[in-house]
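Structural description and commentary
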Amino acid sequence: MVLMTYTQLDIAPTIAHILDISIPHHDGKEIWEAIRYTEDKNIKQILLVIIDGIGVTLYNKLGGTINYVKKLSQDGLFFECESLPPRITTPNIGTILTGYTPEHHLLYKVADVFYTPIRSVLEIASENGIKSGIVIETMGAKSMSNRVDVAIGVENTRGIVDYDKRIINLALKAFKLENVMLMAIHLRVIDNCLHHYAESWEDVIYSATTIDGNIKRLVDGLSKSTLLFITSDHPVHVPKWAYIDRDSINVPLIIYHKHGYADGTKKSDRGVTNKV
Ligand SMILES: [Zn+2]
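Residues numbered from 1 in each chain as written. Predicted model: local features only at pLDDT ≥ 70, side-chain atom pairs only at ≥ 80, totals over all residues.

With respect to helix α11 (residues 189–196)
α11 sits mainly inside the fold: six of its eight residues count as buried. Of the positions making up α11, those classed as buried are V189, I190, D191, N192, C193 and L194. Of the surrounding elements, those touching the buried residues of α11 are β2 (45–51), α10 (160–178), β6 (182–187) and α12 (201–221). (Buried ≥ 20, exposed ≤ 12 C-beta atoms within 10 Å, placed from the backbone. Helix = DSSP H or I, 4+ residues; strand = E, 2+ residues; numbered from the N terminus. Contact = placed C-beta atoms within 7 Å.)

The structure is reproduced here in structure tokens:
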């Protein structure tokens, strides 16, 4: 099922609604299909995965290369979600995390995040007693370190494939060891590959293969009942490669519920959907 009525502004308000918190005066609207999807599920944690630089055209062209991600979309919900200008990483992640347009959040550079009065859904969750975290590149994590409960920075020192792998490892650790209930992570291999080393379509395929493997490892490693939002900040924006993703400004949004290992047994720990 493909629905075309949502934008990146709608992700944060939807997460907020599921957590029973609110973002004041947000520009987006709740994705009611997602909220309904959660109603019969005892969700313990929410994970927002932002895959850098993949629009719906590239998503479709990748075909079976990202078989696992596509299986999640078939088993869960799939939306084509309109990306907002300027379609650059920091402002677009700002839009996804805050539910405000760039004109309202004004987060154009990582440095803007240090002092802004604008709060993301992660900060609002934390202020409401819901432990939140982010696993992102080092400077981004520093900018968020006094705003969320757990901010983990990853340095790209051993190549971008290794970087994404460590993001996944640390996200799983943060869920297990820190009991984070809302987390955002940023996977960079596709955009980084296109910016820096892609010479052929095969290189794009290779980077997408690592995304698919990492998402599978991530989902397999989630031990508690988890609601995943998997999306992207913008379609391909590297001029040399923009042609592979130029038919649409939409990005994929996959919403998928992963059952916890203990589902079906009586558990006393509190879920985010029954927190009151
Ligand atoms: Zn980006």
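Concerning the pairing of strand β4 (residues 132–137)
Taking burial as the measure, the six residues of β4 include five buried ones, the bulk of the element. Alignment of β4 against β6, held across four bridges, turns out to be parallel. When the bridges of β6 are listed, S132 appears paired with L182. Inspection of the sheet shows β4 paired to strand β5 (residues 150–154) by five bridges, in the parallel sense. Along β5, the bridge assignment pairs V135 with I152. Following the backbone out of β4, through helix α9 (residues 138–144) and into the adjacent parallel β5, one traces a crossover that is right-handed. (Pairing = 2+ DSSP bridges. Right-handed = clockwise from strand over helix to strand, strands pointing away.)

Some details on the nonpolar core
Judged by nonpolar contacts, the single largest core of 84 residues is most densely connected at I15, V49, I134, V135 and M183. Dropping the residues within four chain positions of it, V135 is found in contact with I152, V154, I167, L170, A171, A174, M183 and I185. (Core = buried A, V, L, I, M, F, W, Y, C linked by C-beta atoms within 7 Å.)

Some words on the environment of D10
The residue D10 is located in the loop between β1 (3–7) and α1 (11–19) in this model. Residue classification places D10 among the buried positions, given that 24 C-beta atoms sit within 10 Å. D10 sits 86 residues away from I96 along the chain, and the two C-alpha atoms are 7.7 Å apart. In contact with D10, not counting residues within four places along its chain, are G28, K29, E30 and I31.

Thoughts on unusual backbone geometry
Between P85 and the following residue, P86, the backbone shows a cis peptide bond with an omega angle of 10°. Position of P86 among the secondary structure elements: in the loop between β3 (77–82) and α5 (89–98). The backbone phi angle of L106 is positive, close to 55°, even though this residue is not glycine. Turning to its location among the elements, L106 is positioned in the loop between α6 (102–105) and α7 (110–115). Its identity is not glycine, yet N179 carries a phi of approximately 55°, on the positive side. Overall, N179 belongs to the partly exposed group, with 15 C-beta atoms counted inside 10 Å.

Focus on the confidence of the model for the protein chain
When pLDDT is averaged across the protein chain, the result is 92; 93% of the residues are at 70 or more. pLDDT under 50 marks residues 264–269. Its contacts with residues more than four places away, or in other chains, come to two contacts. (pLDDT = per-residue confidence, 0-100.)

Some words on the pairing of strand β8 (residues 250–258)
Across a regular strand the side chains alternate sides, sitting on one face of the sheet and then on the other. Along β8, eight of the nine residues are buried, which leaves the element largely enclosed by surrounding structure. Of the strand pairs in this sheet, β3 and β8 are connected by six bridges, and their pairing is antiparallel. Across the sheet, the residue bridging to F78 is I254, located in β8. Pairing geometry for strand β7 (residues 226–232) and β8, over six bridges, is antiparallel. Pairing of F229 across the sheet is with I255, part of β8.

Re the environment of A12
Turning to its location among the elements, A12 is positioned in helix α1. Note on A12: 27 C-beta atoms within 10 Å, which makes it buried. Residues A12 and I96, 84 residues apart in the sequence, show an inter-C-alpha distance of 6.1 Å. Once residues within four sequence positions are removed from consideration, A12 is found in contact with I23, H26, G28, I96, L97, T98, G99 and V121.

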